Protein chains: 6
Amino acid sequence: MPNVVIDGPKINDLEVKRQLIKEITDALEKAYKIPRNAYIIVIRENSPENVGVGGTLLTDRINQ
Amino acid sequence: MPNVVIDGPKINDLEVKRQLIKEITDALEKAYKIPRNAYIIVIRENSPENVGVGGTLLTDRINQ
Amino acid sequence: MPNVVIDGPKINDLEVKRQLIKEITDALEKAYKIPRNAYIIVIRENSPENVGVGGTLLTDRINQ
Amino acid sequence: MPNVVIDGPKINDLEVKRQLIKEITDALEKAYKIPRNAYIIVIRENSPENVGVGGTLLTDRINQ
Amino acid sequence: MPNVVIDGPKINDLEVKRQLIKEITDALEKAYKIPRNAYIIVIRENSPENVGVGGTLLTDRINQ
Amino acid sequence: MPNVVIDGPKINDLEVKRQLIKEITDALEKAYKIPRNAYIIVIRENSPENVGVGGTLLTDRINQ
């Protein structure tokens, strides 16, 4: 701990994930002053069929 | 925000997801009085192999 | 299961929570066709100091 | 409720999941003294591309 | 990782929490075969006003 | 969406939270290329009585 869970759309580029994990860990380290090894981040990739924003499925927003 | 995460079994019909998102957003809007666009809902679909109820895997309950 | 977690600001009126739980359970029941007793909903109430929207703490947005 | 969510790597053996659910439910039952049927456990299986530990993707740690 | 989040009612006895953490970690260790230090468990204690089961607030069920 | 939940110990300094939210949002923006307003971050502050690491409550580790 600290643990972070990110819920977002799919990220296709591994390098983007790598960078995201690195930068969020940097930010956590500054805030919590706990050694770097303790931070765990989980990225969840969600299909647009499974996300609703403002009462509408993301898949319907995209297809409009 | 407000954000909602739903953990349930798979929903095969897109129209069911559409309706679920709409109705939960309606309920949230009444409760929080925050503009509709702010509500985010994530549906997680779980395999019966990955859910335990009462100490038994759902997949074992179904197959009994 | 299905389980729902709602992350929002504080709700001061118990009747509002009561109604929210009822209406979300109604929506879940229609979608999943699982008996009503199975649905569990957790409401999390978050302080504006602990929520960031668009890179800004909610407490700073409110005080602007 | 009580509900438990486990975030870990993939578990390939169904028997291991079965045992894990059973043992965690045993532990919950001792702690909460709530009837066994109430406990719901969800296992989330995460790809090493989607987990960061200490600022590094798990997939990069494994491949080192 | 693996990480576990438990959502339940309040636990008043520290010894019960201590035992719960120990036993769940034992179960995780057997399942994942990852060194013991890696397991992180968070206990969330929820007020009966903030939990709905079967469409009814827990606080209303208890007071019936 | 994307949404982020951070589980950590208490942060006493509001400025630290402010900075943490800002920097994580910066990292998310680079990764997802979604407009800044969409990112929601929730910070959960956990008591050392409610966190277990390696099978031991944090409160017991601190007091050793």
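This one's a predicted model, so the numbers in the text were calculated from it and none came from an experiment. (Residues numbered from 1 in each chain as written. Chains lettered and ligands numbered in written order. Predicted model: local features only at pLDDT ≥ 70, side-chain atom pairs only at ≥ 80, totals over all residues. Heavy atoms only, no water.)

*Asks:* Would you mind going over the pairing of strand S2 (residues 40–45) of chain B with me for this structure?
*Replies:* If a strand is regular, its side chains alternate between the two faces of the sheet. With respect to burial, S2 of chain B is a largely interior element, five of its six residues being buried. Bridge count for strand S3 (residues 51–53) of chain A against S2 of chain B is three bridges, and the pairing is antiparallel. By the bridge assignment, Gly52 of chain A is partnered in S2 of chain B with Ile41 of chain B. Bridge analysis of strand S1 (residues 3–8) of chain B against S2 of chain B gives six bridges, and the strand direction is parallel. Considered in S2 of chain B, the bridge of Gly8 of chain B is made with Glu45 of chain B. Between the parallel elements S1 of chain B and S2 of chain B, the chain passes through helix H1 (residues 14–32) of chain B in a crossover that is right-handed. (Buried < 20%, exposed > 50% of the residue type's maximum accessible area, 1.4 Å probe, protein only. Helix = DSSP H or I, 4+ residues; strand = E, 2+ residues; numbered from the N terminus. Pairing = 2+ DSSP bridges. Right-handed = clockwise from strand over helix to strand, strands pointing away.)

*Asks:* Mind showing me how you'd approach empty space enclosed by the protein here?
*Replies:* Using a probe with the size of a water molecule, rolled over the atoms, empty space left in the structure can be pinpointed. Under the counting rule described, the total for this entry stands at one cavity of 30 Å³ or more. Approximately 710 Å³ is the volume found for the largest cavity. Arg44 of chain A, Arg44 of chain B, Arg44 of chain C, Arg44 of chain D together with Arg44 of chain F are, among the 38 residues lining the largest cavity, the residues nearest its centre. Residue classes in the lining of the largest cavity are distributed as 20 nonpolar, six polar and 12 charged. (1 Å grid on protein atoms, 1.4 Å probe; cavity = no way out; pocket = protein on both sides within 12 Å on 5 of 7 lines; lining within 4 Å. Points joined across faces, edges and corners; volume = space filled by probe spheres on them. Nonpolar A, V, L, I, M, F, W, Y, C, P; charged D, E, K, R; others polar.)

*Asks:* Any chance you could explain the sheet that holds strand S3 (residues 51–53) of chain F here in plain terms?
*Replies:* Either a parallel or an antiparallel arrangement is found when strands of a sheet pair, and the pairing is made through backbone hydrogen bonds. Read across the sheet, eight strands follow the order S4(B)-S3(B)-S2(D)-S1(D)-S1(E)-S2(E)-S3(F)-S4(F) without closing on themselves; strand pairing throughout is mixed. Two strands in the sheet have a free side with no partner beyond their single neighbour: strand S4 (56–57) of chain B together with strand S4 (56–57) of chain F. Seen against the sheet, helix H1 (residues 14–32) of chain D touches strand S3 (51–53) and S4 of chain B, strand S1 (3–8) and strand S2 (40–45) of chain D together with strand S1 (3–8) and strand S2 (40–45) of chain E and runs at an angle of roughly 140 degrees to S2 of chain D. (Contact = heavy atoms within 4.5 Å. Axes fitted to C-alpha atoms, helices over the stretch in contact; angles between N-to-C directions.)

*Asks:* Looking at this model, I keep getting lost on the interface of chain F and chain B. Mind explaining?
*Replies:* On the side of chain B, four residues touch chain F, which itself brings four residues to the contact. Of the roughly 360 Å² buried between chain F and chain B on both sides combined, carbon and sulfur atoms contribute 69%. On the chain F side of the contact with chain B, Met1, Asn3 and Ile40 of chain F bury the most area, a combined 86% of that side's loss. The interface formed by chain F and chain B holds zero salt bridges in total. In this structure, the connection of chain F to chain B is made through zero residue pairs in polar contact (both at pLDDT 80 or more). (Buried area = accessible area lost by both parts, 1.4 Å probe. Salt bridge = Lys/Arg side-chain N within 4 Å of Asp/Glu carboxyl O. Polar contact = N/O pair within 3.5 Å; in protein donor to acceptor, adjacent residues only side chain to side chain.)

*Asks:* Teacher, can you tell me more about the pattern of salt bridges here?
*Replies:* If charged atoms from side chains of opposite charge come close, those side chains can pair. The tally for this structure, following the rule as stated, stands at 60 salt bridges over all chains. Measuring nitrogen to oxygen at the nearest pair gives 3.2 Å for the salt bridge that ties Lys17 of chain C to Glu45 of chain C. Note that Lys17 of chain C is positioned in helix H1 (residues 14–32) and Glu45 of chain C in strand S2 (residues 40–45), a separation of 28 residues in sequence. Residue classification places Glu45 of chain C among the partly exposed residues on the basis of a relative accessible area of 26%. Among the ionic contacts, a cluster of salt bridges with common partners joins Lys10, Lys17 and Glu45 of chain A together with Glu49 of chain D.

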